[in-house]
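Letter by letter, the chains look like this.
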Amino acid sequence: MDEVASRLREKFPDAITNISSFGDELTVTIKKESILALSRFLKDEFSFDFLVDVCGVDYLGREPRFEVVYHLLSIRSRSRLRLKVPVPGESSTLDSVCSVWKAANWFEREVFDMYGISFNGHPDLRRILNTEDVGGYPLRKDFPLKGLKRE
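Keep in mind that what you see is a predicted model, and the values were worked out from it rather than measured.

So, how was this worked out
Residues numbered from 1 in each chain as written. Predicted model: local features only at pLDDT ≥ 70, side-chain atom pairs only at ≥ 80, totals over all residues. Heavy atoms only, no water. Buried < 20%, exposed > 50% of the residue type's maximum accessible area, 1.4 Å probe, protein only. Helix = DSSP H or I, 4+ residues; strand = E, 2+ residues; numbered from the N terminus. Arc of directions from axis to C-beta. Contact = heavy atoms within 4.5 Å. Phe/Tyr/Trp six-rings, centres within 6.5 Å; stacked < 30°, edge-to-face > 60°. Lys, Arg positive; Asp, Glu negative; His and termini not counted. Salt bridge = Lys/Arg side-chain N within 4 Å of Asp/Glu carboxyl O. Polar contact = N/O pair within 3.5 Å; in protein donor to acceptor, adjacent residues only side chain to side chain. Pairing = 2+ DSSP bridges. Axes fitted to C-alpha atoms, helices over the stretch in contact; angles between N-to-C directions.

Caption draft 1: Up close: helix H1 (residues 2–11). The complete set of buried residues in H1 reads Val4, Ala5 and Leu8. Buried residues of H1, viewed axially, fall in a sector of 100°; they line one side. Opposite the buried face of H1, by more than 90 degrees, sit the exposed residues Asp2, Glu3 and Glu10. The inward-facing, buried residues of H1 contact strand S1 (16–22), strand S2 (25–30), helix H2 (35–46) and strand S5 (79–87).

And the structure:
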């Protein structure tokens, strides 16, 4: 994983804000503008061909408020990598990685539905777990614990 980290620092010096590792798993925090280019690079150069999961995190009271986390696996090298992308609360949008990994389609829809983070270029960005009439985003920390009152 040292090779992956050094190549990422070399290829994307302005995009990477932090690289850390725990055990044999690498975590790379990047600026949101570079998610698409960096994802393509990881898939093409290091065979991170399996998108295991995409999830959202809400850090209410902190800015950037949100974080989108991508869990990647290279089946060939049996390596795991975590990408973290901070997303501001004001303009909570991020480029879609559906063009890199088709599995991102449903994962990004879930993050949109539960956190309200939009994905630019997503082929079908609509709610997946909640109905369209649900106001708000249930996994945001400021969502009412007892849910929204229905008339």
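Let's pick the thread back up.
Caption draft 2: Region of interest: unusual backbone geometry. The omega torsion of the bond from Glu63 to Pro64 falls at 5°, within 30 degrees of zero and hence cis. For Pro64, the location among the structural elements is in the loop between strand S3 (50–58) and strand S4 (66–74). Phi at Arg78 takes a positive value of approximately 55°, unusual for a residue other than glycine. Following the sequence through the fold, Arg78 ends up in the loop between S4 and S5.

Caption draft 3: Up close: the packing of aromatic side chains. Under the definition given, this model contains 2 aromatic pairs. Between Phe12 and Phe41, the aromatic rings sit 5.5 Å apart at their centres with planes inclined by 75°, giving edge-to-face as the arrangement. With Phe12 in the loop between H1 and S1 and Phe41 in helix H2, this residue pair connects regions lying 29 residues apart in the sequence. For the pair Phe12 and Phe41, a shared accessibility class is recorded, and that class is buried. Ring plane angle 75° and centroid distance 5.9 Å describe the contact between Phe41 and Phe46, whose orientation is recorded as edge-to-face. In terms of burial, Phe41 and Phe46 fall into one category: buried.

Caption draft 4: Structural detail: the side chain of Glu108. Residue position: Glu108 is located in helix H3 (residues 104–115). The buried charged residue Glu108 lacks any salt bridge partner; its closest oppositely charged side chain belongs to Arg109, at an N-O distance of 9.3 Å. There is a polar contact of 2.9 Å between the side chain of Glu108 and the backbone nitrogen of Val97. Leave out the neighbours within four places in its chain, and Glu108 touches Asp95, Ser96, Val97, Cys98, Phe119, His122 and Leu125.

Caption draft 5: Layout of the sheet that holds S4. Read across the open sheet, the 5 strands follow the order S1-S2-S5-S4-S3; overall the sheet is mixed. This sheet does not close on itself; its edge strands, each paired only once, are S1 and S3. This sheet shows a mean twist of 20° between the axes of neighbouring strands, independent of strand direction. Bridge count between S3 and S4: 8 bridges; the pairing is antiparallel. Bridge pairing links Cys55 to Val69 in S4. Each of S2, S4 and S5 touches H2; the most contacted strand, S5, lies at about 175° to it.

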